Amino acid sequence: EDHAKRSVRAQALTPPIGTWFRECFPTVKLDEDVGEVLVFHGTQQVELIKEFGLDARYAKDSGLYGSAVYFAEQSCKSFQYTSKQDEMCIIL
């Protein structure tokens, strides 16, 4: 609705993200019938995630909806939470 007010029209990605993902990661199967989708998680805490996984008990309390592990459908949103230094990490 907001996009229509501003005359902004979303266009589908070409190729669709599902096609791109299947080509890059052929061994990963997403079951769209049960709602499996590709999501992204941007972080500066790579070492913690490697050691403890994506565990909400280690999440900051300053998140918009409280202490949680957040994911995004768009990679650009997840990149906003990566380090601004030389090293960036995004998890699929």
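Preceding block: the structure.
Quick look at the structure, then.

Conventions adopted
- Residues numbered from 1 in each chain as written.
- Predicted model: local features only at pLDDT ≥ 70, side-chain atom pairs only at ≥ 80, totals over all residues.
- Heavy atoms only, no water.
- Helix = DSSP H or I, 4+ residues; strand = E, 2+ residues; numbered from the N terminus.
- Buried < 20%, exposed > 50% of the residue type's maximum accessible area, 1.4 Å probe, protein only.
- Contact = heavy atoms within 4.5 Å.
- Areas by Shrake-Rupley, 256 points an atom, 1.4 Å probe, with all protein chains shown as cover.
- Patch = residues over 30% accessible without salt bridge, like charges linked within 9 Å, V, L, I, M, F, W, Y side chains within 5 Å.
- Salt bridge = Lys/Arg side-chain N within 4 Å of Asp/Glu carboxyl O.
- Polar contact = N/O pair within 3.5 Å; in protein donor to acceptor, adjacent residues only side chain to side chain.
- 1 Å grid on protein atoms, 1.4 Å probe; cavity = no way out; pocket = protein on both sides within 12 Å on 5 of 7 lines; lining within 4 Å.
- Points joined across faces, edges and corners; volume = space filled by probe spheres on them.
- Nonpolar A, V, L, I, M, F, W, Y, C, P; charged D, E, K, R; others polar.

### A few points about the overall build of the protein chain
- For the protein chain, the helix and strand inventory stands at four helices and two strands.
- Reading the helices (α) and strands (β) of the protein chain from amino to carboxyl end gives α-α-β-α-α-β.
- Looking at the 92 residues of the protein chain, the share that counts as buried comes to 15%.
- Long-range contacts, defined as pairs at least 24 residues apart, comprise 55% of the intrachain contacts of the protein chain with a sequence gap of at least 6.
- By element, 53% of the accessible surface of the protein chain is carried by carbon and sulfur atoms, the whole surface being about 8000 Å².

### Regarding a nonpolar patch on the surface
- A contiguous nonpolar patch, built from Trp20, Phe25, Val28 and Leu30 and spanning about 310 Å² of accessible area, is present on the exposed surface.
- Mapped onto the secondary structure, Phe25 falls in the loop between helix H2 (17–24) and strand S1 (41–43).

### Observations concerning the pattern of salt bridges
- Inspection of the entire model under this criterion finds two salt bridges.
- The closest approach of N and O atoms between Lys50 and Glu47, which form a salt bridge, is 3.3 Å. Of the two residues, Lys50 and Glu47 are both situated in helix H3 (residues 46–52); the distance of three residues between them amounts to about one turn of the helix.
- Classification of Lys50 by relative accessible area gives exposed; the value is 60%.
- Across the pair Arg57 and Asp55 runs a salt bridge, and its minimum N-O distance is 2.5 Å.
- Overall, the relative accessible area of 71% leaves Arg57 in the exposed class.
- Taking relative accessible area as the criterion, Asp55 reaches 19% and is therefore assigned buried.

### Details of the side chain of Ser78
- As for its position among the elements, Ser78 is in helix H4 (residues 75–79).
- Here Phe40 takes part through its backbone oxygen, which lies 3.1 Å from a polar atom of the side chain of Ser78.

### A word on the layout of surface pockets
- Here the largest pocket defines a volume of roughly 740 Å³.
- What lines the largest pocket is a set of 26 residues, and nearest its centre among them are His41, Gly42, Ala68, Tyr70 and Tyr81.
- Per element, the largest residue contribution to the lining of the largest pocket is three residues, and it comes from S1.
- Partitioned by chemical class, the residues of the lining of the largest pocket number 14 nonpolar, nine polar and three charged.

### As for the environment of Ala72
- Mapped onto the fold, Ala72 is located in the loop between H3 and H4.
- Beyond its immediate sequence surroundings of up to four residues, Ala72 is in contact with Val39, Phe40, Lys77 and Ser78.

### A word on the environment of Phe79
- Along the chain, Phe79 falls in helix H4.
- Measuring from C-alpha to C-alpha, the distance between Phe79 and Thr43 comes to 8.0 Å, with 36 residues separating the pair along the chain.

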